[in-house]
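Now for the letters of each chain:
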Amino acid sequence: MSLRLGDTAPNFTADTTEGRIDFHEWLGDGWGMLMSHPADFTPVCTTELGAVGGLKEKFAQRAVKAIVVSVDSVDDHKRWSADIEETQGQSVNFPIIGDSDRTVAELYDMIHPNAGDTSTVRSVFIIDSNKKIRMTLTYPKSAGRNFDEILRVIDSLQLTDNYKVTTPANWQDGDDVIVSPALSNEEAEKLFPAGWNELKPYLRMTKQPNK
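Described below are features of the structure shown in this document. In this text the structure is predicted, and so the values were computed from the model without any measurement.

Considering unusual backbone geometry
A negative phi angle characterises most non-glycine residues, just as the trans form characterises most peptide bonds.
Point 1. Despite not being glycine, Ala63 shows a phi value in the positive range, around 60°.
Point 2. Structurally, Ala63 can be placed in the loop between helix H3 (56–61) and strand E4 (64–70).
Point 3. For Ala63, a relative accessible area of 42% translates into the label partly exposed.
Point 4. Although it is not a glycine, Arg102 sits at a positive phi angle of roughly 65°.
Point 5. Tracing the backbone through its elements, the reader meets Arg102 in the loop between strand E5 (96–98) and helix H5 (103–107).

Dropping the structure here:
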């Protein structure tokens, strides 16, 4: 059964390049990004893991920890990490799970047999501080992921958790946001004293409240 938004992220224990972990304990009180890649020593995956390593500070600013999984062994992950640093100019500064028995891949439905073989597709799970799945993405094996988009959605989730707003198409941090349609104008006036631009009764644009 596939996992859905709002489900509790399944817990597991696993060996990683940084030692054995209990996933929920490793997450702690913060957010997490669990992502899978098809295989070690492959070109697209090499660029992706280099990109994630380069974004460590940006993830940390959002209290997000990255962790990666494939059906390769921890020893293979460690050997491959040297290639990533050599070719991408970026060390692997996050744990990679060894999942040779496919425990994690099957728990998170990361293997799609109709996609070609029994390796993992490019799945992403964003998990919040309550261990709830807040976003999922699945990319084909031939396409590298857009990590700017993943950060953008994390920004949106964390903003809308704290304020009665939603974010429009192509929103970037700092852009105008939408006043929640669930609020009446009277309620909105208390939360947004600077006002808003009412395009339609259900579409009220206002400044991002934490800027």
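There's plenty left to go through after this.
Considering the sheet that holds strand E8 (residues 165–166)
Point 1. Taken together, the four strands give an open sheet; going across it, the order is E8-E9-E11-E10, and neighbouring strands pair in antiparallel fashion. Edge positions in the sheet fall to E8 and strand E10 (197–200), since each has one partner strand and no second.
Point 2. Taken together, the two bridges between E8 and strand E9 (residues 177–179) define a ladder with antiparallel strand orientation. Bridge pairing links Thr166 to Ile178 in E9.

Some points on the side chain of Ser70
Point 1. Looking at where Ser70 falls in the secondary structure, it is placed in strand E4.
Point 2. For Ser70, a relative accessible area of 0% corresponds to the buried category.

Side note on the pairing of strand E2 (residues 19–22)
Each regular strand carries side chains that alternate between the two faces of the sheet.
Point 1. Here four bridges tie strand E1 (residues 13–16) to E2, and the two strands are oriented antiparallel to one another. If you follow Ala14 over to E2, its bridge partner there is Ile21.

Some points on the nonpolar core
Point 1. Residues Met33, Met35, Leu49, Val52, Phe59, Ile126 and Ile150 are the most contacted members of the largest nonpolar core, which totals 24 residues.
Point 2. For this core, the elements supplying multiple residues, two or more each, are strand E3 (31–36), helix H2 (43–54), E4, helix H4 (74–88), strand E6 (122–127) and helix H6 (147–162).
Point 3. Discounting chain neighbours no more than four positions away, the residues touching Met35 are Leu49, Val52, Ile67, Val68, Val69, Ser123, Val124, Arg145 and Phe147.
Point 4. Of all hydrophobic cores here, the second largest spans 20 residues; its members include Leu27, Ile97, Phe125 and Ile127.

Cut-offs used in this document
- Residues numbered from 1 in each chain as written.
- Predicted model: local features only at pLDDT ≥ 70, side-chain atom pairs only at ≥ 80, totals over all residues.
- Heavy atoms only, no water.
- Helix = DSSP H or I, 4+ residues; strand = E, 2+ residues; numbered from the N terminus.
- Buried < 20%, exposed > 50% of the residue type's maximum accessible area, 1.4 Å probe, protein only.
- Pairing = 2+ DSSP bridges.
- Core = buried A, V, L, I, M, F, W, Y, C linked by side-chain atoms within 4.5 Å.
- Contact = heavy atoms within 4.5 Å.

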